[in-house]
Every structure is written in C-alpha cells, then in structure tokens.
Amino acid sequence: MSDHDYRPKSKVGQWFNDRLPLLTLANHLTDYPTPKNLNYWWTFGGILTFCLITQIVTGLTLAMHYIAHADMAFESVEHIMRDVNYGWLIRYIHANGASMFFLAVYIHIFRSLFYGSYKAPREIIWIIGIIIYLLMMAAAFMGYVLPWGQMSFWGATVITNLFSAIPLVGEGIVTWLWGGYSVDNPTLTRFFTLHYLIPFLILGLVVLHIWALHVPGNNNPVGIDIKKPSKDTVPFHPYIVIKDGFALLMFMIVFAFFVFYAPNILGHADNYIEANPMVTPAHIVPEWYLLPFYAILRSVPDKLLGVVAMLSAILILAVLPWLDTSKIRSAVFRPLYRQFYWILVADVLILGYVGAMPAEGLYLLIARVATAYYFLHFLVILPVLGFKEKTLPVPLSITEPVLGGSPNLAAARNRESKIE
Amino acid sequence: MSEKKTKRRDFLFTATTAVGAVGAAAVVWPMIDQMNPDASVKALASTEVDVSALTPGNTLTVLWRGKPVFIRRRTQEEIDEARSVKMEDLIHPEKDEDRAKNPEWLVMLGVCTHLGCVPLNDKGDYNGWFCPCHGSHYDTSGRIRKGPAPWNMEVPKYEFVDANTIKIG
C-alpha cells in the first residue's frame, strides 16, 4: 500500500482519511492491479469469502435457538427444523454451506497446485491458507457433533480417541478433551464454544491471507512475474468484481440445488437418531470432505502410525513450497508435472471413495496403494521432477500469449508467424 | 557510571520477565485444568449390577462412567478356548486367568482400544467380539487378536458384592 498516494476528493473525506486512512485502503482494494488473464479458477477466493460470511450469519441465527446440552441438543435441532420460523432453511443452508465451503476450498487448493501459486514469493499466503483449512476441518467436525445424533456422538468418540495414540500422555489428553470418561455433556458444551470461536479466527486469518496476497499480487495462469500496474493488469474494480460476481451466482445455483432439492444427500441418516453411548452405528463414516484422510488413517494397520500418517498427509502441504523444486510455476509449461498433477487428483478422489467403503479386502488394498502414492507424489516425484523435467519456454509477458491466442509460447509464435 | 546503570536495567528486565512468566503460568493452569473431569463427574465412580437373570452364553451391557461395560457369563467352551491360547499368539499378552478371576464371568469395558467404538457380541474370527468401525477382532477373553487395536479390552475394577450382584468401580 506504500506505492499508493491517494487523496480523497471531499474535504470531509480528507479530514477523516488523515486520521484513519480507511479510504486509502478502499482505494487500494478498488484499484488493486490484477493480471488480466485470470480465469474462472481464480474466482474461488471470493466464493470462499461468501461461504465464510454465510456460515457466520446462519450460525449466529441457529445459536439463538440451539441448546448445547446432552439432554436437549437433539430436541432443539428438531425444534429448529419444525417450529422456528424458517429454521429449516437456516439449518439446511448452514449444514450444506459447510459442504459448499469445502467444495470451494478444494477447488481453490487444487488451482494453487496446478498453477504453482504456493511458490516464492507466495509461501506465506499458502501456509496461512493451510492453517485456515485445518481450522475449517476442526470447525466442521465440532459443528457435526452439535446435533447430538449417533454420527455426532461416535464421530466425536473416534476423532478424540485419535489423541489416545500419543504415547504416555494420550489417555490423559483424551480425558481432558472430554471433561469426563467418555464423550458427554462437558464435551458438547466445549465443542459448541469452540465451534463458535473458530470462524472468527478464520476471519482474522483471511484478512492476513489477503494482505499477504496483496504484497506480491496475484499469480496467474501463465505463472510469470508481471509489472504492476502495466498493460498486463486490470484494476480489481470493475473487472474482477464482475467476474467474481458472475462466478458466485453460478456457485449459488449449485448451493441452492442442495439446500432446496437434496438437503440431506450429503449427510448421514444415522444422525437423525439421538446419540446412544451403548450402540455404535454399523458403519461410521465422516462427512465426505474428510474421507481421503480417513482412508489414510485406516490404511495403516498400526494405531499410532495411522494417526501420524493422517496428520502428515495434511501437514506435508505446509512444506510444499520447498518440496517442489521447479522454478516454473504454472503447469502449463510443465508437461510432466501436468500429468502427475492429474494422477494426484485421481489419487485423492480414489482415497475419498475407499474412505467411504468398509476397510477390508480390495478396498483396503486400494487405500494402501493410494496412500503410498500420495506421499510418493510429495516426497519423491515433486523434488525430483524439478531437476529432471524439461519445461516449455515461458512467455515474457501475459500479453504475448494472449495476442497469439495460446498460453503455449511456441504455438503462439507459430500462429503469429502464420498470420504474418 | 554508565555500566552500573545498565546492570540495574538488566536486573529489572530479568526480574519483570521472570515474575511475568510465573504469573502467566499461574493464570494459564486453571484455564487448562477447568477442562478436566469435574467433581460431579468423578463422583459417579461406581455402579451395582444385578446379574441373576444372565444365563451362560449371554452378555449384559451396562453403562458405567458413560461407557458400556460388558458382563459376559461364559460357556465352558468359551473358557476352554480362551485358556488354551498360547501367549506368543497374542498381540497384547495377558492370561485369561488374570482377566477373569472367576472363569465364568468376564467383566470388561465394551470399548474398542483402537478409537473407542463399541464392539459387537459373538462376532469376528475368534468367536468373541468384532469392532465394526475399523475391523478389530477380539477373542472370548476380550483380547485383541487381529486389526488395528493395540490392547485388549480393559478390565475395570469390580467385585461380587453377593452371588448375584457385581459392583463396578
């Protein structure tokens, strides 16, 4: 923002801005130079902001009717569904909103993976993003516990028991987390508190995420550094605002489909049975967005190592900027990485599928192979690829391939010469 | 002169930091410890169960400290099966004689030692219990034989108050 000399036009504006430069900030956000070749995969940052605000607003309104007590929680959720004016709508938006939030965040993460947005100088943006993702998983897990159904109760039991894998202090930590000798009322009340807190932590981190983004500026599909402002950039408003707005509308159609036509399709029927500590449901599965990690957990036959593998699968992302040794950001110019990228996408989808299936026979075998490949991708393929891969020539500016009609420089130059 | 002044400031700095750190720790501990089981939870320490209606080959499940407890009245075959297992075949070696003092009665927490699900009766490869969550098999003594669980199902402190009543806890 130091590159910014802004002076409000009105006297009042100047008086206010000299005391608190909010108008300078607003002007920075409006004029912020953005690469002109951003495609629709870049609209998910805005969509995610919308998701966060939606969850906070619907969450606040649900909290006015929900009762965080083991004897009353289940009933209060049914009360919201049946008695509270538009309670069904608010709850369905909140429950499906969590799924939409994860759908958008996965697209956002995989966009970064494809275009190398995590590489220097954007490592801090990426790491803050991973922390946000971890907090999202914590918030979603605790939110799922609040209705106090069978899946709530047993999901909470299984996930908190992960900590019992820690040698020596594990059992003590689990008792401390529960506030008792099993998941019970003290667990529910603290989960409600934390579920309420985490979205605001995420909101703070989102501000840092965007702040860190505005220092180097956006990455772009070509993945090169650009001068800003220049002929390679357009101001954020109105160009990106309208593009983000259009994408958001498309996203809201999908969102509305789930809310109005299939509100329970992503949930689990067992969660409409009140929690019963005497009976475990025959088949415990987490929500769909946690399934790949659940598959990794179950693919390891040892309790401690299974937990270690699951956590590593997430934390390995934080060191990704240093595991990927290639200097080229965008997969457009990395013919080999592009193929491994799609194999990784398939691998994660397969992990998600087997995570929903019983951990036995062929499913278990597939889960083990897919888990091994997941780590192989990050720990072996990416570091080696940076040295071995023969990358394509990278254009000097965004304008060059745009005028040529192709992001591939050789093809673009070829076409230009034909036109001549 | 100036050297002496620096020393005074160093002392103040160190003293302030030390007192601050101790003070912060003293405030943080109650905040952490409030999450541990409270007095009312700890007070629910024991429960008495009438087992007179239980016939051999059946299991009674009762709730103790929020967790299910299996009380199994074992048949002679189950006892023989549990007692004939070699120690080297066990993942977590424990003698059945130590787990069930009175061989007919097996009392244990019905909680899988993997991630805390409730195993199912009369299921699995060892005719004991099977955990549906992640596939752990337990034998007729509640010992882990196959699957991801690391330990045998826990035997809580219990005693026969009279011929028909078990006091757990």
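Residues numbered from 1 in each chain as written. Chains lettered and ligands numbered in written order. Predicted model: local features only at pLDDT ≥ 70, side-chain atom pairs only at ≥ 80, totals over all residues. Heavy atoms only, no water.

Caption draft 1: Molecular detail of the interface of chain A and chain B. Listed by partner, the interface residues are 26 residues for chain A and 27 residues for chain B. Of the roughly 2300 Å² buried at the junction of chain A and chain B (both faces included), carbon and sulfur atoms supply 64%. At the boundary of chain A with chain B, the tally comes to nine residue pairs in polar contact (both at pLDDT 80 or more). Listed by contribution, the elements that provide at least two residues to the side of chain A that touches chain B are α7 (150–161), α8 (170–178) and α11 (291–299) of chain A. Considering only residue class, the side of chain A that touches chain B consists of 14 nonpolar, eight polar and four charged. (Contact = heavy atoms within 4.5 Å. Buried area = accessible area lost by both parts, 1.4 Å probe. Polar contact = N/O pair within 3.5 Å; in protein donor to acceptor, adjacent residues only side chain to side chain. Helix = DSSP H or I, 4+ residues; strand = E, 2+ residues; numbered from the N terminus. Nonpolar A, V, L, I, M, F, W, Y, C, P; charged D, E, K, R; others polar.)

Caption draft 2: The arrangement of the side chain of Glu 287 of chain A in detail. Within the secondary structure, Glu 287 of chain A is located in the loop between α10 (236–261) and α11. Beyond its immediate sequence surroundings of up to four residues, Glu 287 of chain A is in contact with Tyr 144, Leu 266 and Gly 267 of chain A.

Caption draft 3: Expanded view of the environment of Pro 238 of chain A. Residue placement: Pro 238 of chain A occurs in helix α10. Along the primary structure Pro 238 of chain A and Thr 30 of chain A are separated by 208 residues, whereas in three dimensions their C-alpha atoms are 7.9 Å apart.

Caption draft 4: Examining a negative patch on the surface more closely. A surface patch of negative charge is lined by Asp 71, Glu 75, Asp 184 and Glu 274 of chain A. Mapping Glu 75 of chain A onto the fold places it in helix α4 (residues 73–82). (Patch = residues over 30% accessible without salt bridge, like charges linked within 9 Å, V, L, I, M, F, W, Y side chains within 5 Å. Areas by Shrake-Rupley, 256 points an atom, 1.4 Å probe, with all protein chains shown as cover. Salt bridge = Lys/Arg side-chain N within 4 Å of Asp/Glu carboxyl O. Lys, Arg positive; Asp, Glu negative; His and termini not counted. Charge placed at Lys NZ, Arg CZ, Asp CG, Glu CD.)

Caption draft 5: Layout of the sheet that holds strand β4 (residues 105–109) of chain B. Residues and elements named next belong to chain B. Across the sheet, which stays open at both edges, the three strands sit in the order β2-β3-β4 with antiparallel pairing between neighbours. At either end of the open sheet lies a strand with only one pairing partner, and these are β2 (58–64) and β4. Direction aside, neighbouring strands of the sheet carry axes that sit 20° apart on average. (Pairing = 2+ DSSP bridges. Axes fitted to C-alpha atoms, helices over the stretch in contact; angles between N-to-C directions.)

Caption draft 6: Seen up close, the sheet that holds strand β9 (residues 158–162) of chain B. Residue and element names in this part refer to chain B. With antiparallel pairing, the three strands of this open sheet are ordered in space as β1-β10-β9. In this open sheet, the two edge strands, each paired with only one partner strand, are β1 (47–50) and β9. When strand polarity is set aside, the average angle formed by the axes of neighbouring strands in this sheet is 30°. In this sheet, strand β10 (residues 165–168) lies alongside β1 in antiparallel orientation, the contact comprising four bridges. The partner of Glu 48 across the bridge, within β10, is Lys 167.

Caption draft 7: Representation of α7 of chain A within the structure. Residues and elements named next belong to chain A. Here α7 spans 16 Å end to end across twelve residues, near enough to the 16 Å set by a 1.5 Å rise per residue. A large share of α7 lies buried, amounting to eleven of its twelve residues. Residues of α7 that are buried sit in contact with α6 (123–145), α8, α9 (185–214) and α12 (303–315). (Expected span 1.5 Å × (residues − 1). Buried < 20%, exposed > 50% of the residue type's maximum accessible area, 1.4 Å probe, protein only.)

Caption draft 8: Molecular detail of unusual backbone geometry. Residue and element names in this part refer to chain A. Here the amide bond leading from Lys 228 into Pro 229 is cis, since omega sits at -10°, within 30 degrees of zero. Mapping Pro 229 onto the fold places it in the loop between α9 and β2 (233–235). In the segment running from His 237 into Pro 238, the intervening peptide bond is cis, with an omega of 5°. Positive phi, close to 60°, is recorded for Tyr 86, a residue that is not glycine. Note that Tyr 86 resides in the loop between α4 and α5 (87–115). You will see that Trp 148, though not glycine, has its phi angle at about 60°, which is positive. Position of Trp 148 among the secondary structure elements: in the loop between α6 and α7.

Caption draft 9: How the structure looks around the packing of aromatic side chains. Applying the stated criterion across every chain yields a total of 30 aromatic pairs over all chains. Summarising the aromatic geometry, the rings of Tyr 106 of chain A and Tyr 133 of chain A are spaced 5.8 Å apart at their centres and angled 75° between planes, so their arrangement reads as edge-to-face. Of this pair, Tyr 106 of chain A sits in helix α5 while Tyr 133 of chain A sits in helix α6, and the two are 27 residues apart along the sequence. Here Tyr 374 of chain A and Phe 375 of chain A contribute two aromatic rings whose centre-to-centre distance is 5.6 Å and whose plane-to-plane angle is 80°, an arrangement assigned as edge-to-face. Residue class for Tyr 374 of chain A comes out buried when judged on its relative accessible area of 6%. Every member of this aromatic cluster is reached through a ring pair, and the members are Trp 42, Phe 110, Phe 114, Tyr 115, Tyr 337, Tyr 341 and Trp 342 of chain A. Of note, Arg 111 of chain A hangs over the ring of Trp 42 of chain A, and the distance from its end group to the ring centre comes to 4.6 Å. In this arrangement the basic side chain of Arg 65 of chain B is found over the ring face of Tyr 181 of chain A, its NZ or CZ atom lying 3.9 Å from the centre. (Phe/Tyr/Trp six-rings, centres within 6.5 Å; stacked < 30°, edge-to-face > 60°. Lys NZ or Arg CZ within 6 Å of the ring centre and 35° of its normal.)

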